[in-house]
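# Observations on chain architecture
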Amino acid sequence: MFYSLKKRIICKTLAKRNKQNPFDYQKAESYSLEGEKDTLINNSYYFSAHNEKMSFFARLGKRVHMDETWFVIYVDGKPYSLLQETFPVGTSPLRVEKIGDNWTVSFHGKLNETDEVNFKATFVGKQKPIDFTSDMPAERMAAGIANEKWNKSFFEQLQNVSGQCHYEQEGVLEGQLTLNGKTVDFSLPCVRDHSFGKRDWNYMNNHLWLMAVSSARQFNYSLVSYPVMSALEVGNYRDETGLHFMLQADLDFQKINKGAVPQELDLHVKLDDSRSIDVKAKVLDGLTYHFQDGQYILHENIAEFTIDGSVCRGILEIGFNANNNRYFNQIDLKNIKR
């Protein structure tokens, strides 16, 4: 079956599904692991906040048997990071709590082994949440599906990537940081990410996430490769004209197919308002995290972005399966229609 025909069929199917199953934001906000027994079920809270002087990211990935925990502050060109990656349930020094319509993030403990940190901040949403299933243009998922060979087994395996709810919200993170006895107040443009459902890190081949945020703009590009789908790309961009979704990007997949962190990336992004923007990312510093006994390795990097001529900061996140024969399912990257 021809790619264009397959893509049209999937677009219609996805549009119908999204209309029948709209995103329930309030229900998603109140999700918990109560009663859950499956260790692959994840309830993850992530915050990434940046300006020209300070960068911050934190993740609390709750599972029934442990708390996956990240906490990093980057100031004066130096990263201060929590070295321990997992904690027994309920013992993580990172706390994430919903109070009214806002979220609080707090941490008290040591970073880099000896640096004393006390951190407390509140996230206030400034933009409508973006759901990665129902809000993104249907043609992006349709392109990923249309690239694959269709049979009964293929559609059965698609269920492995459809059980995760994932949405993001742009806002402001305001609070106070005490680092080695010195206290500063801060207010940072921030993106909050919440995902829940089945997450088997070993099912992923490789992925890339580019995210930049400032008071004037916010950019997102997400790419993931699974055994069932070699490449799925989505993205969005917010500026003074409003929110726009990515229709196509020309990132060179060869640059992210080597099992290493690329120090610089550039891409051209076509938006749904007929504009095209240039995006460049340059790594400043980063940390490495390990999932499921090293089956999947993730590199979380603070990066400087130039987007449509404007400079801001954000994240260049890239991850690889421990089996390097898995990247993009080892297909010829030139054959992926985008």
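Each remark here, short or long, concerns the structure printed above.
The following paragraphs examine the structure supplied in this document. (Residues numbered from 1 in each chain as written. Predicted model: local features only at pLDDT ≥ 70, side-chain atom pairs only at ≥ 80, totals over all residues. Heavy atoms only, no water.)

### Some words on the packing of helix H1 (residues 3–20) against helix H3 (residues 138–146)
H3 packs onto H1 with a crossing angle of 135 degrees between their chain directions and a minimal axis gap of 8 Å. By the angle class used here, H1 and H3 are oblique. The chirality of how H1 crosses H3 is right-handed. The residues of H3 that touch H1, namely those facing Tyr3, Lys6, Lys7, Ile10, Cys11 and Leu14, are Ala138, Glu139, Met141, Ala142, Ala143, Ile145 and Ala146. Taken together, the residues of the contact of H1 with H3 sort by class into 10 nonpolar, no polar and 3 charged. (Axes fitted to C-alpha atoms, helices over the stretch in contact; angles between N-to-C directions. Helix = DSSP H or I, 4+ residues; strand = E, 2+ residues; numbered from the N terminus. Parallel < 35°, antiparallel > 145°, perpendicular 65-115°, else oblique. Left-handed = near helix turned anticlockwise from the far one by under 90°. Contact = heavy atoms within 4.5 Å. Nonpolar A, V, L, I, M, F, W, Y, C, P; charged D, E, K, R; others polar.)

### Description of the pairing of strand S8 (residues 115–125)
Sheet topology note: the strand S7 (residues 102–111)/S8 ladder contains 9 bridges and is antiparallel. Paired with Thr104 across the two strands is Thr122, which belongs to S8. Counting the residues that bridge the hairpin from S7 to S8 gives 3 residues, and of these Asn112 lies at a positive phi of roughly 50 degrees. Bridging between S8 and strand S10 (residues 164–179) involves 9 bridges; their strand directions are antiparallel. Note that in S10 the partner of Phe119 across the bridge is Leu177. (Pairing = 2+ DSSP bridges.)

### Some thoughts on the pattern of salt bridges
Under the criterion given, the structure shown has 11 salt bridges. Salt-bridge contacts for Glu68 lead to Arg63; the nearest nitrogen and oxygen are separated by 2.9 Å. A relative accessible area of 3% places Glu68 in the buried class. Judged by its relative accessible area of 3%, Arg63 is buried. The partner of Asp332 in a salt bridge is Lys334, and the shortest N-O contact between them spans 3.3 Å. Taking the relative accessible area as the measure of exposure, Asp332 reaches 35% and is therefore partly exposed. Because the salt bridges share partners, they merge into one network encompassing Arg59, Arg63 and Glu68. (Salt bridge = Lys/Arg side-chain N within 4 Å of Asp/Glu carboxyl O. Buried < 20%, exposed > 50% of the residue type's maximum accessible area, 1.4 Å probe, protein only.)

### Thoughts on the nonpolar core
Leu208, Phe219, Tyr221 and Phe253 are the most contacted members of the largest nonpolar core, which has 32 residues in total. Secondary-structure elements contributing two or more residues to this core are strand S12 (206–213), strand S13 (218–225), strand S15 (242–249), strand S16 (264–271), strand S17 (276–291), strand S18 (296–307) and strand S19 (310–321). Not counting residues within four places of it along the chain, the set of residues in contact with Leu208 comprises Tyr221, Ser222, Leu223, Leu251, Ile256, Leu265, Leu316, Glu317 and Ile318. Counting residues in each nonpolar core, the second largest holds 30 residues, with Trp70, Ile145, Tyr226 and Tyr289 among its members. (Core = buried A, V, L, I, M, F, W, Y, C linked by side-chain atoms within 4.5 Å.)

### Concerning the environment of Val234
Tracing the backbone through its elements, the reader meets Val234 in strand S14 (residues 232–239). It is 11 Å that separates the C-alpha atoms of Val234 and Leu210, two residues lying 24 residues apart in sequence. Setting aside its immediate chain neighbours within four residues, Val234 contacts Phe132, Met136, Arg140, Asn220, Tyr221, Ser222 and Met246.

### So, unusual backbone geometry
Residue Glu113 is not a glycine yet carries a positive backbone phi of 75 degrees. Given the relative accessible area of 60%, Glu113 is considered exposed.

### Points about the side chain of Glu170
Tracing the chain through its elements places Glu170 in strand S10. Overall, the relative accessible area of 9% leaves Glu170 in the buried class. Of the polar contacts made by the side chain of Glu170, one reaches the side chain of Arg238; its length is 2.4 Å. Setting aside residues no more than four positions away along its own chain, Glu170 makes contact with Phe123, Gly125, Lys126, Gln127, Cys190, Val191, Val213, Ser214, Arg217, Gln218 and Arg238. (Polar contact = N/O pair within 3.5 Å; in protein donor to acceptor, adjacent residues only side chain to side chain.)

### Observations regarding the packing of aromatic side chains
Tallied over the full model, the rule gives 22 aromatic pairs. Taken together, a centroid distance of 4.3 Å and an interplanar angle of 10 degrees make the contact between Trp70 and Tyr289 stacked. Taken together, the residues span a long stretch of sequence, with Trp70 in strand S3 (residues 67–75) and Tyr289 in strand S17 at a distance of 219 residues. Note on accessibility: Trp70 and Tyr289 belong to one class, buried. Geometrically, the ring pair formed by Phe320 and Tyr327 is tilted, given 5.1 Å between the ring centres and 50 degrees between the ring planes. (Phe/Tyr/Trp six-rings, centres within 6.5 Å; stacked < 30°, edge-to-face > 60°.)

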